[in-house]
Amino acid sequence: MSGFEKRKRKQRVDELIQSQAGALDRFISSNKQNESSNLNEEQEILVNEEQEIVGNEGQENLGNEGQENLGNQEHKESSERVDESGHEGMDNDSQNEDMSFERGVRNIDDPSNWDKIDQKFIDFIVERGPLKRDKVNFPMDNAGRRFSCFHYIRRLSNGEKQDRRWLVYSNASDKVFCFCCKLFKQDENKTMLATSGLNDWHNLAQRLKSHEASNEHIFGMSKWIESEIRLRLNETIDKSVEDQIKKEKVHWKGVLERIIEAVKTLAKNNLAFRGDNEKIYQKNNGIFLSIIEMMAKHDPTMREHLRRISNGEIHYHYLGHNIQNELIQMLANEVKSAMIRRIKDAKYFAVILDCTPDISHMEQMSLVIRCVDVSTTTIQVEEFFLQFLKVEDTTGSGLFEELEEGLVTLQLDIGDCRGQGYDNGSNMKGKRKGVQKRLLDKNPRAFYMPCGCHSLNLVLCDMANSCNKAISFFGVLQRI
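Here is what the cut-offs are and how they apply
- Residues numbered from 1 in each chain as written.
- Predicted model: local features only at pLDDT ≥ 70, side-chain atom pairs only at ≥ 80, totals over all residues.
- Heavy atoms only, no water.
- Helix = DSSP H or I, 4+ residues; strand = E, 2+ residues; numbered from the N terminus.
- Expected span 1.5 Å × (residues − 1).
- Buried < 20%, exposed > 50% of the residue type's maximum accessible area, 1.4 Å probe, protein only.
- Arc of directions from axis to C-beta.
- Polar contact = N/O pair within 3.5 Å; in protein donor to acceptor, adjacent residues only side chain to side chain.
- Patch = residues over 30% accessible without salt bridge, like charges linked within 9 Å, V, L, I, M, F, W, Y side chains within 5 Å.
- Areas by Shrake-Rupley, 256 points an atom, 1.4 Å probe, with all protein chains shown as cover.
- Salt bridge = Lys/Arg side-chain N within 4 Å of Asp/Glu carboxyl O.
- Lys, Arg positive; Asp, Glu negative; His and termini not counted.
- Charge placed at Lys NZ, Arg CZ, Asp CG, Glu CD.
- pLDDT = per-residue confidence, 0-100.
- Contact = heavy atoms within 4.5 Å.
- Axes fitted to C-alpha atoms, helices over the stretch in contact; angles between N-to-C directions.
- Parallel < 35°, antiparallel > 145°, perpendicular 65-115°, else oblique.
- Left-handed = near helix turned anticlockwise from the far one by under 90°.
- Nonpolar A, V, L, I, M, F, W, Y, C, P; charged D, E, K, R; others polar.

A.B. asks: How should helix α8 (residues 215-232) be read in this particular structure?
C.D. replies: One turn of an α-helix holds 3.6 residues; hence residues three or four places apart share an orientation. Here α8 contains 18 residues, and its C-alpha end-to-end distance of 26 Å stays within 8% of the 26 Å for a straight helix at 1.5 Å per residue. Every buried residue of α8 is accounted for by His217, Gly220, Trp224, Ser227, Glu228 and Leu231. Across the axial projection of α8, the buried residues extend over an arc of 100 degrees, all falling on one side.

Below, the structure is given as structure tokens:
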């Protein structure tokens, strides 16, 4: 945009901001105007509302789609001016959390998902405690109102403040709930805070005040406190059953830890897992089951586990080939994620490709990423093999499409590629249709370097063919 257009846009935004002067009176009642302790929080809420109003009015004044994009940009710049003038100390974490704030995410901490619950779930939620969402710009309703963290605190007439620990906000439904009434509600308790949630933001303060004095809330608070004390002292009604469940948890956790260690050991050494059969205490049942049997001789956890299997007490023993493959895949994904994190920390990288047919004559392309590893104290250049890419089209176009799709799958930006290395095949190093040319068209900074090993091999072949003694020497070796 030209300088005149920028000045005109700035003037229009300033006029919109000036038109909002005095808007604070719409959100503050007369009995709160003299409370200076609440003024800062209300001003912070108002600034966020003014930012959204400015963006909405700017979009309505512009009219068409291109001007709507300009209005969004003006909204962003006007928000930055408001932040720079009056809220320079705003926490960056609050802004990041606001950007990542999504409505409708299902999780166990959201009270809108507590419709069908049992006693085990209630005990689990009570142990976790209520989850409060603060430092979040909550979404606005059709009337331009929203929930505020201001309601998390109860202000008494004598000036004291009490934490409304029971008040929980649901980001899935944009409503507030009573933590204790939602979990321990009686059949006759039909209040919105205990059932479907409350989103009457205009009258929320009065509704919360009346709810705190209700008999239903007092009953729920007493049940909540009683349950917390019993769980803290480990003295619930079904204590013996819970003790048995905890012992089973510890047992199965120990079993899985030992199975995972066995899988890691075999995978690290590139050893075969299975043999002729998959039954314990039989011959040729594979290295994996042999390691499990060896563990059972010295470890009481695995000894108890194999005893249950032999006596038929359990059906799911987690020693079959399906769980082995699943654990191998999970470990492989974790290793790949760690390598990708290192590559992203380094930012810039180079790609190394090579194709080879497998036993079924299917062409596979190995993808290797070379980067500077800055995650360790000793910074060094590392090469990470990430995966095999199945190739059906071996032309330069087909190979480049597979490379590009592989980088997108790994969430690596092709614009950060600073090098590429291939063999001397025409489909790889071609100046017009090769992979290196197509990658240079996408990213001119991806410098191409032919593979040194392939180049050395070609030099040795030419050298051997130019000397009769060398031809005789390598011919004898070939016949041998």
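A.B. asks: So what exactly am I meant to see when it comes to the side chain of Arg146 here?
C.D. replies: By secondary structure assignment, the location of Arg146 is in the loop between α5 (119-128) and β1 (153-155). In this structure the side chain of Arg146 is engaged in a polar contact, spanning 3.1 Å, whose partner is the backbone oxygen of Phe138.

A.B. asks: Got a minute to help me understand a negative patch on the surface in this structure?
C.D. replies: Taken together, Glu392, Asp393, Glu401 and Glu405 make up a surface patch of like negative charges. Locating Glu392 in the fold gives a position in the loop between β7 (380-390) and α13 (396-409). Glu392 sits in the exposed class, given a relative accessible area of 70%.

A.B. asks: Got a minute to help me understand a nonpolar patch on the surface in this structure?
C.D. replies: Nonpolar side chains collect at one region of the surface, where Phe473, Phe474, Val476, Leu477 and Ile480 lie side by side and expose about 540 Å² of accessible area between them. Structurally, the position occupied by Leu477 is in helix α17 (residues 468-479). Given a relative accessible area of 45%, Leu477 falls into the partly exposed group.

A.B. asks: What is the right way to look at the confidence of the model for the protein in this model?
C.D. replies: As a general rule, the predicted coordinates of low-pLDDT regions are not to be interpreted in detail. Chain-level pLDDT for the protein is 78 on average; 80% of the residues reach the 70-or-more range. Summarising per-element confidence for the protein, the mean pLDDT is lowest in helix α4 (residues 92-99) (41) and highest in helix α10 (residues 287-298) (92). In the predicted structure, residues 30-105 sits below a pLDDT of 50 and forms 88 contacts with residues beyond four places in sequence or in another chain.

A.B. asks: What am I meant to see in the packing of α13 against helix α15 (residues 435-442) here?
C.D. replies: Any two packed helices are characterised by the angle at which their axes cross and by the distance between the axes. Axis separation between α13 and α15 bottoms out at 8 Å; the angle between their running directions is 50 degrees. Considering the angle they form, α13 stands oblique to α15. Read as a crossing pair, α13 and α15 show a hand that is right-handed. Along the contact surface, α13 presents Gly396, Ser397, Leu399, Phe400, Leu403 and Glu404, while α15 presents Val435, Arg438, Leu439 and Lys442. Looking at the contact of α13 with α15 residue by residue, the classes come out as five nonpolar, two polar and three charged.

A.B. asks: Help me understand the pattern of salt bridges, please; the structure alone is not making it clear to me.
C.D. replies: Per the stated rule, a full pass over the model turns up 17 salt bridges. The shortest N-O distance in the salt bridge between Glu304 and Arg308 comes to 3.1 Å. On the criterion of helical spacing, the pair formed by Glu304 and Arg308 is a turn pair, its members being four residues apart in helix α11 (residues 300-310). Taking the shortest distance from any N to any O, the salt bridge between Glu383 and Arg370 comes out at 2.4 Å. With Glu383 in strand β7 and Arg370 in strand β6 (residues 363-373), the pair connects residues that are 13 residues apart, well separated along the chain. Taken together, the salt bridges that share partners define one network made up of Glu248, Glu304, Arg307, Arg308 and Glu313.

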